[in-house]
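Below are the chains, spelled out letter by letter.
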Amino acid sequence: MTQTISRTPALRLTMQALAVLSLLTFAAIASAQDAPESQPGRPKVALVLSGGGALGLSHVGAIQELEAMGIRPDIVVGTSMGAVIGGLYASGLSSAELEEVVNSANWSGVFNPAPQRDKLTFRQKQQQVDFPGTASLGVSGAGLLLPTGAISDQALMKELRRVTPARMEVDNFDDLTIPFRAVATDIATGEAVVISAGELPMAMRASMSVPGVFPAFDLDGKLLVDGGLAANIPVSVAREMGADIVIALWTPNELLQQEQIGSVVDVLSQTVSLLILANERAEIASMLPQDVLVRVNTGSISPAAFTRSKELIEAGRASIRAEAEKFAPIAQGREPVSYAGIGDAPAPVISFVRIENASRLNQSLLEERMSSVLGKPADTSEINEALDRIYALGPFERVDYTMTEQDGLTGLIVRAEDSRRNVGRLRLGMIVENDFNTESDVAVSLDYRSPALDAYGSELRAIATIGDINEFGVEYFRLLEPEQSWFAVARAEVENRPVNIYTNRGFKTAGYDLTYGLLGIDAGRQFGNIAEVRVGTELGTGRAKLNEGAAPVEEVDIDSGRIFASAGLDTLDNPFFPQTGLTAKARWTHGLESLGDNADYQTLSASGLHAFTMGRNTLLTSVSGGVRLSGAPPLDTLYRIGGLFSLSGYRLDELAGENFVAGRLIYRRSLTNTEGSLFGIPLFVGGSLEAGEVWSNPDEFSLDDMRFGGSVYVGANTALGPVYLAFGRSEGGRQSAYLVIGRSF
């Protein structure tokens, strides 16, 4: 994994700065050691696997080719990705099973550790929609806190456990199918740490703690980072285990040429590469004449190219075949490799679960999410599903487990770690809506969420938008019982925004400056993680002042006093670029003069969207509508359409009325293979067909009045949220280009 950072510009800087600590490792690299005395019978062969990010996947092909020659090692030692491949091999996986694991691994999920959306509560799903930015900082009484790593290791641990046979802690890795060692680096001293016992997934995880990417791993009181900083080709470790012959597979990181070094990032990248190369050279120098060093030729493939596993595996095979004559003496007299008798014992039945809960959350809330594994054979996939349900609750840095025995029964000890118990999260975002014509709104947005305020997970949330449109809101969300179903909400919002008036031809005739404040009290129930109903009351007041153009009214007072009922459903797998699922919502509002509203009125609105995907092609269908049931709704309650995907070509919210109907059909094609991509930004192209209309009186509507439009676009799913560059056109010659970043205003 060290190599991944040195080749990935977006992450180099962080990793390189921390990696300077590896200078200390030179003192820890042992001088060349003498070979152990020859043992009776067959020489003991060790397989040493280097780190190298995705390039380490080539070790699978090399192992397959060695086995074809009859060579199955007596010892396996690995660093970083070499520790992952080596640990799986040592645990009893065949070389064919290794290839299957590598090709099926969810590498993109490892580097995108956000909980799957179907594990989130309905409220958390809506928060994603309200604030799509993912970059965040910790907030405590001491100020802002930087994360310990750019990426949580929750998904990494889950994937390592998924591909590793379920087992107890191992007292000694010599007891594995093949004796094994993983190498990590003590970040406090720079020394190599050889892991020889414990849980195999934890050993692999510690060895690939890429500094600045994953948090350093605390193991037995030592803070461990990627083993490549101390011993990327740990030949000396194999020698200490009694190896007579060492086969070392090396996936080197190519140095930059002088003309390629043009920035401080390049300099730091080259510095780390040189540090790693220095410890590699020291280990290579310790090799003996009977040892074999294979430099795997991976060509121009990047250490970040996890999607190219098949090519890398073939590169490993080819590199071994190229050195076939060196392996002939080692293979002489060996029987063909057989896996007869090698296999996992039946998985033990999970009889109990004990949760070590370091958070404020109610213990029963966590226990309920683990109940599905009780009474069943240990299955890593099912256990991971249960852990995900706990991790999705929000306050945890990591949720992991250990298998244990007690009174003859097998159980799980689940560690729900919350090392920053009193730390909230501050997320940063940006909003841009530009039609390259008359409208351009830009704002910076902030979203703060407190740590859990009680055992049920209640929280305080504040959101602010500062720019061409200014908004501030604060909300206290109170959960009323451990199941997190019933809730109550108190909220306050203030906004200041422009409201524009257009002619039928799209010319702006007037502009108002609207300032509005709202207080609300709601109560409701969440149904699992897919639906919600709520009722509430809202009181508001504001004023719209004419500040541009000419209009019959220069100033409008807006007072609100209303009750409402709403319902929502959300099963989409992604809020902005969904592939499957649907979302729907409905709201009934009753304005009452007795509560201070400008008028008595009732409105009803509803919308729905469905996503369907085949391969890289996705089709979204959406319908929405709203009607005035009675009375005369005030200005702030008018329905508005216009803008990208809402009669593209019209200005944002250009059309307003007391009633509306809209429909759209959106096609999207993925340009990137997101399965397995590392730090890749999903890109899309597509187009839309749209129809819609607004009107004042219900009896005025006719299908003949419907307006039609469409768009073509390029989209990207980024850390700031969705990004679109699009061109839209509607009937009557209305057209606009669009740049949209983040959530809509």
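Residues numbered from 1 in each chain as written. Predicted model: local features only at pLDDT ≥ 70, side-chain atom pairs only at ≥ 80, totals over all residues. Heavy atoms only, no water.

A short note on the overall build of the protein chain
Piece 1. If you tally the helices and strands in the protein chain, you get 16 helices and 31 strands.
Piece 2. Burial statistics for the protein chain: of 745 residues in total, 52% are counted as buried.
Piece 3. In the protein chain, 67% of the contacts between residues at least 6 apart in sequence involve partners at least 24 apart.
Piece 4. A total accessible area of about 31700 Å² is found for the protein chain, and carbon and sulfur atoms account for 56% of it. (Helix = DSSP H or I, 4+ residues; strand = E, 2+ residues; numbered from the N terminus. Buried < 20%, exposed > 50% of the residue type's maximum accessible area, 1.4 Å probe, protein only. Contact = heavy atoms within 4.5 Å. Areas by Shrake-Rupley, 256 points an atom, 1.4 Å probe, with all protein chains shown as cover.)

Description of a nonpolar patch on the surface
Piece 1. Together, Leu519, Leu539, Ile563 and Leu595 line one region of the surface with nonpolar side chains, adding up to about 320 Å² of accessible area.
Piece 2. Tracing the backbone through its elements, the reader meets leucine 539 in strand S20 (residues 531-549). (Patch = residues over 30% accessible without salt bridge, like charges linked within 9 Å, V, L, I, M, F, W, Y side chains within 5 Å. Salt bridge = Lys/Arg side-chain N within 4 Å of Asp/Glu carboxyl O.)

Brief notes about the UniProt feature "short sequence motif: GXGXXG" (unreviewed entry) in the protein chain
Piece 1. Taking the UniProt record as the reference, the feature "short sequence motif: GXGXXG" (unreviewed entry) is found at residues 51-56.
Piece 2. Regarding residues 51-56, the helix share stands at 0% and the strand share at 0%, and the terminal C-alpha atoms are separated by 6 Å. (UniProt positions renumbered as here; feature names shortened; annotations may be inferred.)

Focus on the pattern of salt bridges
Piece 1. Considering all chains together, one arrives at 43 salt bridges under this definition.
Piece 2. Notably, a salt bridge pairs arginine 72 with glutamate 67, separated by 3.8 Å at the nearest N-O pair. In terms of burial, arginine 72 and glutamate 67 fall into one category: buried.
Piece 3. Here glutamate 368 ties to arginine 369 by a salt bridge, and the two come within 3.6 Å at their closest N and O atoms.
Piece 4. Salt bridges here are not isolated pairs; linked through shared partners, they connect Arg491, Glu493, Asp522, Glu532, Arg534, Glu538, Arg562 and Arg587.

Let's talk about a negative patch on the surface
Piece 1. Residues Glu169, Asp171, Asp175, Asp218 and Asp220 make up a contiguous surface patch of negative charge.
Piece 2. By secondary structure assignment, the location of aspartate 175 is in the loop between helix H9 (154-163) and strand S5 (180-186). (Lys, Arg positive; Asp, Glu negative; His and termini not counted. Charge placed at Lys NZ, Arg CZ, Asp CG, Glu CD.)

A word on the environment of arginine 317
Piece 1. Checked against the element boundaries, arginine 317 lands in helix H13 (residues 309-322).
Piece 2. Take arginine 317: its relative accessible area is 19%, and that puts it in the buried class.
Piece 3. Sequence spacing of arginine 317 and glutamine 64 is 253 residues, and the spatial spacing of their C-alpha atoms is 7.1 Å.
Piece 4. Beyond its immediate chain neighbours, meaning those up to four positions away, arginine 317 contacts Gly61, Ala62, Gln64, Glu65 and Glu99.
Piece 5. There is a polar contact of 2.8 Å between the side chain of arginine 317 and the side chain of glutamine 64. (Polar contact = N/O pair within 3.5 Å; in protein donor to acceptor, adjacent residues only side chain to side chain.)

Quick word on the packing of helix H15 (residues 363-370) against helix H16 (residues 380-391)
The relative placement of two packed helices is expressed as an angle between their axes plus a distance between the axes.
Piece 1. Close contact between H15 and H16 brings their axes to 8 Å; oriented N to C, the two are set at 150°. Our classification of the angle between H15 and H16 gives roughly antiparallel. The handedness of the crossing between H15 and H16 is right-handed. Residue-level inspection shows Leu366, Arg369 and Met370 of H15 in contact with H16, the latter providing Ala386, Leu387, Arg389 and Ile390.
Piece 2. Class assignment of the residues belonging to the contact of H15 with H16 gives a composition of 5 nonpolar, no polar and 2 charged. (Axes fitted to C-alpha atoms, helices over the stretch in contact; angles between N-to-C directions. Parallel < 35°, antiparallel > 145°, perpendicular 65-115°, else oblique. Left-handed = near helix turned anticlockwise from the far one by under 90°. Nonpolar A, V, L, I, M, F, W, Y, C, P; charged D, E, K, R; others polar.)

Some details on the side chain of serine 50
Piece 1. Following the sequence through the fold, serine 50 ends up in the loop between strand S1 (45-49) and helix H4 (58-68).
Piece 2. Judged by its relative accessible area of 0%, serine 50 is buried.

Here's the deal with the side chain of serine 359
Piece 1. One can find serine 359 in the loop between strand S11 (350-357) and H15.
Piece 2. Separated by 2.8 Å, the side chains of serine 359 and asparagine 357 make a polar contact.
Piece 3. At 3.1 Å, the side chain of serine 359 and the backbone nitrogen of leucine 361 are in polar contact.

Topic: H13
Piece 1. For H13, built from 14 residues, the straight-helix expectation of 20 Å at 1.5 Å per residue is met to within 8% by its first-to-last C-alpha distance of 20 Å.
Piece 2. Among the residues of H13, those classed as buried are Ser309, Leu312, Ile313, Ala315, Gly316, Arg317, Ser319 and Ile320.
Piece 3. Against H4, helix H6 (95-104), strand S9 (245-250), strand S10 (292-295) and helix H14 (324-331) lie the buried residues of H13. (Expected span 1.5 Å × (residues − 1).)

Observations concerning the environment of glutamate 382
Piece 1. Note that glutamate 382 resides in helix H16.
Piece 2. Take glutamate 382: its relative accessible area is 26%, and that puts it in the partly exposed class.
Piece 3. Expressed as a C-alpha distance, the spacing of glutamate 382 and methionine 370, which sit 12 residues apart in the sequence, is 9.7 Å.
Piece 4. The residues touching glutamate 382, leaving out its near neighbours within four places in the chain, are Ser372, Val373 and Lys376.

So, the environment of leucine 249
Piece 1. Position of leucine 249 among the secondary structure elements: in strand S9.
Piece 2. Through-space distance from the C-alpha of leucine 249 to that of glycine 82 is 9.0 Å; in sequence the pair is 167 residues apart.
Piece 3. Those residues in contact with leucine 249 that lie beyond four places of it in its chain are Leu47, Val48, Leu49, Ser50, His59, Ala62, Val294 and Ile320.

Some words on the sheet that holds strand S12 (residues 398-406)
Piece 1. What the 3 strands build is an open sheet, ordered S11-S13-S12; its pairing is mixed. The strands lining the two open edges of the sheet, one partner per strand, are S11 and S12. Across this sheet, the average inter-strand angle for adjacent strands is 25°, counted without regard to direction.
Piece 2. Sheet topology places S12 next to strand S13 (residues 409-417); 9 bridges connect them, and they run antiparallel. Across the sheet, aspartate 400 pairs through a bridge with arginine 415, a residue of S13.
Piece 3. The sheet strands contacting H15 are S11 and S13, and the helix crosses S11 at an angle near 145°. (Pairing = 2+ DSSP bridges.)

Considering the packing of H4 against H13
Piece 1. As a packed pair, H4 and H13 sit with axes 6 Å apart at the nearest point and diverge in direction by 45°. Accordingly, the angle class assigned to the pair H4 and H13 is oblique. Note that H4 runs across H13; the crossing there is right-handed. Two secondary-structure elements touch here, H4 through Ser58, Val60, Gly61, Ala62, Gln64, Glu65 and Leu66 and H13 through Leu312, Ile313, Gly316, Arg317, Ile320 and Arg321.
Piece 2. Here the residues of the contact of H4 with H13 are counted per class, giving 6 nonpolar, 4 polar and 3 charged.

Remarks on the nonpolar core
Piece 1. Within the largest apolar cluster, 67 residues are counted, with the highest numbers of intra-cluster contacts made by Phe180, Ile195, Ile247 and Phe327.
Piece 2. The leading source of residues in this core is helix H5 (residues 81-90), at 7 residues.
Piece 3. For isoleucine 195, the contacting residues outside a window of four places in its chain are Phe173, Phe180, Arg181, Ala182, Ala184, Ala203, Ala206, Leu219 and Leu224.
Piece 4. With 22 residues, the next largest nonpolar core counts Ile350, Leu366, Met370 and Tyr401 among its residues. (Core = buried A, V, L, I, M, F, W, Y, C linked by side-chain atoms within 4.5 Å.)

What to know about unusual backbone geometry
Piece 1. Residue aspartate 220 is not a glycine yet carries a positive backbone phi of 55°.
Piece 2. Considering the arrangement of structural elements, one finds aspartate 220 in the loop between strand S7 (217-219) and strand S8 (222-226).
Piece 3. Residue classification places aspartate 220 among the exposed residues on the basis of a relative accessible area of 76%.

Comments concerning the confidence of the model for the protein chain
Piece 1. Confidence in the prediction for the protein chain averages 84 pLDDT; 89% of positions are at 70 or higher.
Piece 2. Low pLDDT (under 50) marks residues 1-39, which in the prediction has 112 contacts with non-local residues, meaning those over four places away or in another chain. (pLDDT = per-residue confidence, 0-100.)

Section: the packing of aromatic side chains
Piece 1. Summed over all chains, the structure comprises 8 aromatic pairs.
Piece 2. Consider the rings of phenylalanine 645 and tyrosine 713, whose centres lie 5.4 Å apart with planes at 85°: the pair is edge-to-face. Here phenylalanine 645, found in the loop between strand S25 (639-641) and strand S26 (655-657), pairs with tyrosine 713, found in strand S29 (residues 707-718); they are 68 residues apart in sequence, far enough to count as distant. By the burial criterion, phenylalanine 645 is buried, and tyrosine 713 matches it.
Piece 3. By the ring-pair criterion, three or more aromatic residues cluster together here, those being Phe577, Phe645, Phe684, Tyr713 and Tyr724.
Piece 4. Positioned over the ring face of phenylalanine 477 is arginine 123, at 3.9 Å from the centre of the ring.
Piece 5. The ring centre of phenylalanine 564 lies 4.2 Å from the NZ or CZ of arginine 587, which sits over that ring. (Phe/Tyr/Trp six-rings, centres within 6.5 Å; stacked < 30°, edge-to-face > 60°. Lys NZ or Arg CZ within 6 Å of the ring centre and 35° of its normal.)

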